[in-house]
Amino acid sequence: MTTEEPHDFYQEQRGLGPGSAITPTASDVSQGPLPKLFQPLKIRELTLKNRTVVSPMCMYSSQDGFATDFHMVHYGQYALYGLGLIIVEATGVSPEGRITSNCLGIWKDEHIEKLRQVVNFAHLNKSAIGIQLAHSGRKGSSRPVWHIQEYGRYADEAAGGWPQRVFGPSPVPFDEDSWTPQEMSLEDIRRVQQNFVDAAVRADKAGFDVIEIHSAHGYLVHEFLSPISNKRTDDYGGSFKNRIRFIVEIVQAIREIWPQEKPLFVRISVTDWVQQSEEIPTGGWTEEESIELAKILSDVGVDLIDCSSSGSSPKQKIPLGPGYQVRFSTSIKNEVPGIFTSAVGLITDPVQANNILEESKADLVFLARTLLRQPSFVLDAAVKLNVFAQYPHQYERGRNKTNYSFT
């Protein structure tokens with residue numbers, strides 16, 4: 001009989017863990033340079049074993065903000081399959097900050113323990129793990145996606161009404177007057193900023209390696225940035241300096257309490273994809289403004305800009321195509337020395353992902369829908385890029401010794 005803890009045998013991985021190149025400087029298969037997708041990256045004191053990242057994706061599978069068994073399995077699979085960094089979905093810093101009543105939360109200490117279990121499993125499998133802190137703003141209190149698909153925009157009485165103004169067992173039916181977004185008071189601003197800080201403290205207690213602040217896609221922080229949504233006339237509206245004040249103050253406050261050895265990311269919509277028009281005379285948030293914001297965020301302690309786009313207006317016109325947002329990561333990387341950037345959006349192929357990195361267009365590749373379809377992306381990428389990568393020791397007997405893939 002052994003006296004080892006059960007996880008020592010059943011969960012903890014050997015070496016650098018799944019998804020790491022077994023030879024750190026060259027491929028065992030090709031004997032050439034190690035593809036950049038499999039090269040480690042150090043940010044502050046955190047070293048990622050490869051450069052693939054699980055992009056935060058809402059899963060709508062929480063109860064009262066608590067992580068559930070679903071989250072252990074969902075994020076656990078990415079740790080087993082070797083992702084270098086896993087970022088947990090948009091997590092509400094307050095109950096009203098959730099997108100839906102089934103979104104994850106971190107607004108109370110009771111949420112910490114279940115999140116810590118997810119973190120521990122990722123660490124046992126040698127994956128770094130982060131969490132995206134979010135407030136949905138005017139896009140909050142909505143039905144989960146599949147509720148909308150099932151019931152339509154205006155749900156029937158049995159579904160409780162959509163959208164719902166108040167979370168809980170007795171949702172308030174849709175009321176157009178009460179649903180109109182209201183401008184935040186200065187007291188509201190201070191309260192929400194403190195919500196972000198308190199959430200960051202809890203994230204550290206749960207053991208997360210990275211925090212990402214969600215400042216994109218038309219949610220609250222992005223609403224302050226974009227002139228489409230920001231109509232304020234005080235110190236938080238109007239000029240570029242005023243519109244960025246909300247996020248800069250949040251970053252400064254979080255950086256004071258977030259351990260200095262741990263990285264801090266910010267996801268932004270680099271552009272609203274909205275041009276000036278008679279209807280929207282100001283136009284939207286622009287790439288040029290994002291570059292200037294990135295410079296300021298770098299100065300106050302942000303390590304990486306996660307470069308996404310859009311979300312502020314139905315008038316947006318997005319030129320969808322493979323890697324359509326990569327140029328944003330490249331421009332910020334080139335214009336803001338010292339900051340890391342990530343590329344995200346329709347990155348679906350290992351060669352495509354590796355080329356983005358090899359051509360210095362980004363430092364990390366964030367993958368979303370691709371990983372929902374193909375959670376084994378990293379191990380499959382190793383085969384395609386001729387890298388001998390470590391597998392979970394439980395799965396080794398499934399490896400094809402001829403081509404290093406699964407049979």
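Residues numbered from 1 in each chain as written. Predicted model: local features only at pLDDT ≥ 70, side-chain atom pairs only at ≥ 80, totals over all residues. Heavy atoms only, no water.

Visitor: I'd like to hear about the packing of helix α2 (residues 69-80) against helix α3 (residues 112-124), residue by residue, with values.
Guide: Packing of α2 against α3 brings their axes to within 9 Å, and their N-to-C directions diverge by 20°. One way to sum up the angle between α2 and α3 is to call them roughly parallel. Like other packed secondary-structure pairs, α2 and α3 cross with a definite hand, here right-handed. Residue-level inspection shows Asp69, His71, Met72, Tyr75, Gly76, Ala79 and Leu80 of α2 in contact with α3, the latter providing Lys114, Gln117, Val118, Phe121 and Ala122. Considered class by class, the residues forming the contact of α2 with α3 number 7 nonpolar, 3 polar and 2 charged. (Axes fitted to C-alpha atoms, helices over the stretch in contact; angles between N-to-C directions. Helix = DSSP H or I, 4+ residues; strand = E, 2+ residues; numbered from the N terminus. Parallel < 35°, antiparallel > 145°, perpendicular 65-115°, else oblique. Left-handed = near helix turned anticlockwise from the far one by under 90°. Contact = heavy atoms within 4.5 Å. Nonpolar A, V, L, I, M, F, W, Y, C, P; charged D, E, K, R; others polar.)

Visitor: Explain the pairing of strand β8 (residues 304-308) to me, using residue names and the numbers behind them.
Guide: Most of β8 is tucked away: 5 of the 5 residues are buried. Alternating positions in β8 separate into two faces, Leu304, Asp306 and Ser308 on one and Ile305 and Cys307 on the other, with burial throughout. In the sheet, strand β7 (residues 264-269) pairs with β8 via 5 bridges, with the strands oriented parallel. If you follow Ser269 over to β8, its bridge partner there is Ser308. Two elements, β8 and strand β9 (residues 340-344), share 4 bridges in a ladder whose sense is parallel. By the bridge assignment for β9, Ile305 is matched with Thr341. For the segment spanning β8, helix α11 (residues 326-335) and β9, crossover handedness is right-handed. (Buried < 20%, exposed > 50% of the residue type's maximum accessible area, 1.4 Å probe, protein only. Pairing = 2+ DSSP bridges. Right-handed = clockwise from strand over helix to strand, strands pointing away.)

Visitor: Tell me about helix α14 (residues 377-384), residues and numbers included.
Guide: Among the residues making up α14, those that are buried are Phe377, Val378, Leu379, Ala381 and Ala382. Turning to α14, the residues buried within the fold contact β3 (52-54), α12 (350-358), β10 (364-367) and α13 (369-373). Backbone geometry just after α14 places Asn386 at a positive phi near 60°.

Visitor: If you had to explain the nonpolar core to someone new, which residues and values would you point to?
Guide: In terms of nonpolar packing, the biggest core is built from 88 residues, with Phe38, Ile213, Ile247, Ile305 and Ile332 touching the most fellow members. For this core, the element with the highest residue contribution is helix α6 (residues 186-206), accounting for 8 residues. Those residues within four positions of Phe38 in sequence are excluded, and the remaining contacts are Gly19, Ala21, Lys49, Asn50, Val378, Ala381, Ala382, Leu385, Val387 and Ala389. Core analysis: the second largest hydrophobic core is formed by 14 residues, Leu41, Ala128, Val210 and Leu364 among them. (Core = buried A, V, L, I, M, F, W, Y, C linked by side-chain atoms within 4.5 Å.)

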